[in-house]
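# Coordinates in review
Each chain is listed here by its residues.
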Amino acid sequence: MINKQLLEPESIVVIGGSNNCHKPGGAVVRNLLSGGYKGTLRIVNPKEDEVQGIKAFHDVEELPQTDLAILVVAAKFCPEYVEFLAKEKQTRAFIIISAGFGEETKEGAVLEQQVLDTCERYGCALIGPNCIGLLTRWHHSVFTKPIPNLNPKGVDFISGSGATAVFILESAVTKGLPFNSVWSVGNGRQIGIESVLEYMDEHFDPEKDSMVKLLYVENISEPDKLLKHATSLIRKGCRIAAIKAGSSESGSRAASSHTGAIASSDSAVEALFRKAGIVRCFSRDELTTVGCIFTLPRFTGKNVAIVTHAGGPGVMLTDALSKGGMNVPPISGKDADELKEQLFPGSSVANPIDILATGTPEHLGIAIDYCEKKFDNIDAIMVIFGTPGLVQLYEAYDVLHKKMLECKKPIFPILPSVVTAGPEVSEFLQHGHVNFSDEVVLATALAQIMKTPAPADQTIITDGVDVSRIRRIIDGIGESGYIAPKLVNELLESAGIPTVPEFVSSKKEEVVAFAEKCGYPVVVKVVGPVHKSDVGGVVLNVGTSEHLAREFDRMMQITDATAVMVQKMIKGTELFIGAKYEPRFGHVVLCGLGGIFVEVLKDVSSGLAPLSYAEAENMISSLRGYKIIKGTRGQKGLNEKKYAEIIVRLSTLLRHATEIKEMDINPLLADENDVIAVDARILVEK
């Protein structure tokens, strides 16, 4: 629970506060004092009479009633302090800086539970243990540096790691990124990242609250809560970016399906972020760069003008923007010629607009004005301006400052000379601006933002899906394991997913009769072994009854073979859909091109069931091999709409059949007219 005593305490006590600012207890007191805390600050230290100019209490029993307690003492003492303060001093908020709890030992976990139980019993808010504290405009209850610039329109930052939070703040401060609050939740036993987002969502005031949230997440304990409140905040106009650490797996389990081998808990995270509309980042620098972009006016187009006085960075930025799906369109015509006449000879206005190393602050302002007022095909302006140390840049950066206030088009300042022109850059940041010192990092972060979809509609689409029949089939399955092909087909049929006509039998004459009825050529597959191809259990283009009879006899000799399946041979481009159930998250649905694309290149997109049509279309379009689906080099495109429909229907099937733990439809064969499931496997756990 988050309460007023935590957010706006009238009184704070630091248990373990000291005069040594090189230790956490002293550093917390220092930060509270330097942060201008206006309430009553108290210190408990049995060995000191005065701590940093404040009279110290030798024992907690001497304290008056106090709203918030910050504990910077050994873990073994914390449960007793919390119990006494909550009961006797009506303390209703605690920040426990101390480590040595559940993150270290079983004994520590017991202490942590005791603290939590006490807080729950008395209705207290608890941050930590094992954290750097809480930093707000009301009180700086942290022991670390740096303390960033704080203002109401700065970003809210929530971190599951104290040390990482410090390093992210270091990255942010150098860019000029302002903050509204910093939450280090530590072990997060009561207040975790999801709880902070919940509070921010339920108490959101668009006139007063920050519109940007940055997250560093090590463990998503409540995915549904994260999804709900992140989605809600984004729909209210907020923007959220997050790092989820621990995305790689040290070892992969033996998987019995393509999906099982490809999907991981990280696939679930990717799908969750995509569904919520959270921009996913993978480094501290990327997260703070995205945060800086969020503080600027929204970039809604794709066309960028680059104004630079250095050719190389302009070229690198052009390449990075193009790679990220944005355009640096050529600029020409009467207005371009007019601009060129106002610059030094040798300048280029083709885009990038290169005003040369000798270009003046006046030239910089003129070039920005033309991009803002004359060049209608430009949506945003990126300005690269540094120095080799021969001149000062105060005047140039003052021009840039004024243009950023005047222009309606967003201007991205790229000021690379953070050492040589350090004082000038610092003054520019003090005007409330941010700085992107590396043009490629900026372009990469901007591309990540632009490819992140809006929050998805979470309505379950049941059109064409027979939910009651799906449940009857699932309920009728008696044992765990891969289910029979007949049941697979029935489930797909119930979901409205088209399949190739097929027949399964252990009798040769019945298999031959079906093939003659549907017409040759046919595909023959062994039934029983999971990986049919590995054991020679798949033969294509069987064109006669004699050939079919020979293959039947051979396949029935394969180990674990129970029957033979025959299907009408059809042609098309191979596609893939799979799903895997992830505890807490639900079903992760994967899609991609079949064959080598999924098996070797692992070119797949993930989504979290249930999926909307917009989500399915976004999954498809984000594939590296998407051009094949759209049609390339004279080849006709595939029926993308039908492919998306099948993905959506499969997600609905899975939402109503959580007993399905893994499944593959591989391949689906697609052409410009249709998409048909050819082979599927479904693993059920009862």
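Per-chain numbering applies: the sequence of each chain, read as written, is numbered from 1 onward. Residue-level local features of this predicted model are given only where pLDDT is at least 70; pairs of side-chain atoms are given and counted only at 80 or more, and the full residue set underlies all totals for whole chains, interfaces and linings. Side-chain calculation: all heavy atoms of the structure are included, whereas hydrogens and water are not.

## Quick notes on helix α10 (residues 284-295)
A rise of 1.5 Å per residue sets the reference length of α10, with its twelve residues, at 16 Å; its end C-alpha atoms lie 17 Å apart and thus fit the reference within 8%. A simple rule labels every residue: compare its accessible area, found with a 1.4 Å probe on the protein chains alone, to the largest value its type can have, and call it buried under 20%, exposed over 50%, or partly exposed in between. A run of H or I in DSSP counts as a helix once it spans at least four residues, and a run of E counts as a strand once it spans at least two, with each numbered from the N terminus. Burial analysis of α10 places nine of its twelve residues in the buried class, the great majority of the element. Of the positions making up α10, those classed as buried are Glu286, Leu287, Thr288, Thr289, Val290, Gly291, Cys292, Ile293 and Phe294. For a helix, the expected span equals 1.5 Å multiplied by the number of residues minus one.

## Remarks on the sheet that holds strand β10 (residues 150-159)
Strand pairs in the sheet, formed through backbone hydrogen bonds, run parallel or antiparallel to each other. Strand pairing is assigned whenever DSSP identifies at least 2 bridges connecting the two strands. Strand order in the open sheet formed by seven strands is β9-β8-β11-β10-β12-β13-β14, with mixed pairing between adjacent strands. The open sheet has two edge strands, β9 (140-142) and β14 (279-281), and neither has a second partner. Each neighbouring strand pair of the sheet contributes to a mean axis angle of 20°, computed without reference to strand direction. As defined by bridge partners, strand β12 (residues 212-217) adjoins strand β13 (residues 239-244) across six bridges and the pair is classed as parallel. The residue bridging Tyr216 from the neighbouring strand is Ile243, located in β13. All axes here are fitted lines through C-alpha atoms, helices being fitted over the stretch that makes contact, and every angle between N-to-C directions spans 0 to 180 degrees.

## Some words on the UniProt feature "domain: ATP-grasp" (unreviewed entry) in the protein chain
UniProt positions are given in the numbering used here, feature names are shortened, and annotations may be inferred rather than shown by experiment. UniProt feature "domain: ATP-grasp" (unreviewed entry): in the numbering of this structure it lies at residues 489-525. In this annotation, residues 489-525 is assigned 46% helix and 22% strand; the end-to-end C-alpha distance for the span is 15 Å.

## Structural notes on a negative patch on the surface
On the surface, Asp59, Glu61, Glu62 and Glu88 cluster together into a negatively charged patch. Tracing the sequence through the fold places Asp59 in the loop between β4 (54-57) and β5 (68-71). For Asp59, a relative accessible area of 34% translates into the label partly exposed. Patch definition: residues above 30% relative accessible area lacking any salt bridge, with like charges linked at up to 9 Å and the nonpolar side chains Val, Leu, Ile, Met, Phe, Trp and Tyr linked at up to 5 Å. Per-residue and other accessible areas were derived by the Shrake-Rupley procedure at a 1.4 Å probe size, with only the shown protein chains allowed to occlude residues. Salt bridges, as used here, are contacts in which a Lys or Arg side-chain nitrogen is within 4 Å of a carboxyl oxygen on Asp or Glu. When charges are counted, Lys and Arg contribute as positive and Asp and Glu as negative, whereas His and the chain ends are disregarded. To locate a charge, take NZ of a lysine, CZ of an arginine, CG of an aspartate or CD of a glutamate.

## Focus: the domain arrangement of the protein chain
Quite often, the size of an interface is put as the accessible area lost when its parts meet. Per the domain assignment, the segments of the protein chain are domain 1 (1-130), domain 2 (146-295), domain 3 (301-451), domain 4 (501-569) and domain 5 (573-684). Just the C-alpha atoms count here: the centres of domain 1 and domain 3 sit 49 Å apart. An automatic or database domain assignment provides the domain bounds reported here.

## Description of the side chain of Arg649
Inspection of the secondary structure puts Arg649 in helix α24 (residues 640-655). For Arg649, a relative accessible area of 16% gives the class buried. Within the structure, Arg649 has its side chain in polar contact with the backbone oxygen of Gly496 (distance 2.9 Å). Should any heavy atoms of two residues lie within 4.5 Å, those residues are considered in contact. Sequence-distant contacts of Arg649, defined by excluding residues within four places in its chain, comprise Asp463, Gly464, Val465, Ala495, Gly496 and Ile497. What qualifies as a polar contact is a pair of N or O atoms within 3.5 Å, subject to a donor-acceptor requirement within protein and to the restriction that residues adjacent in sequence count only when both atoms come from side chains.

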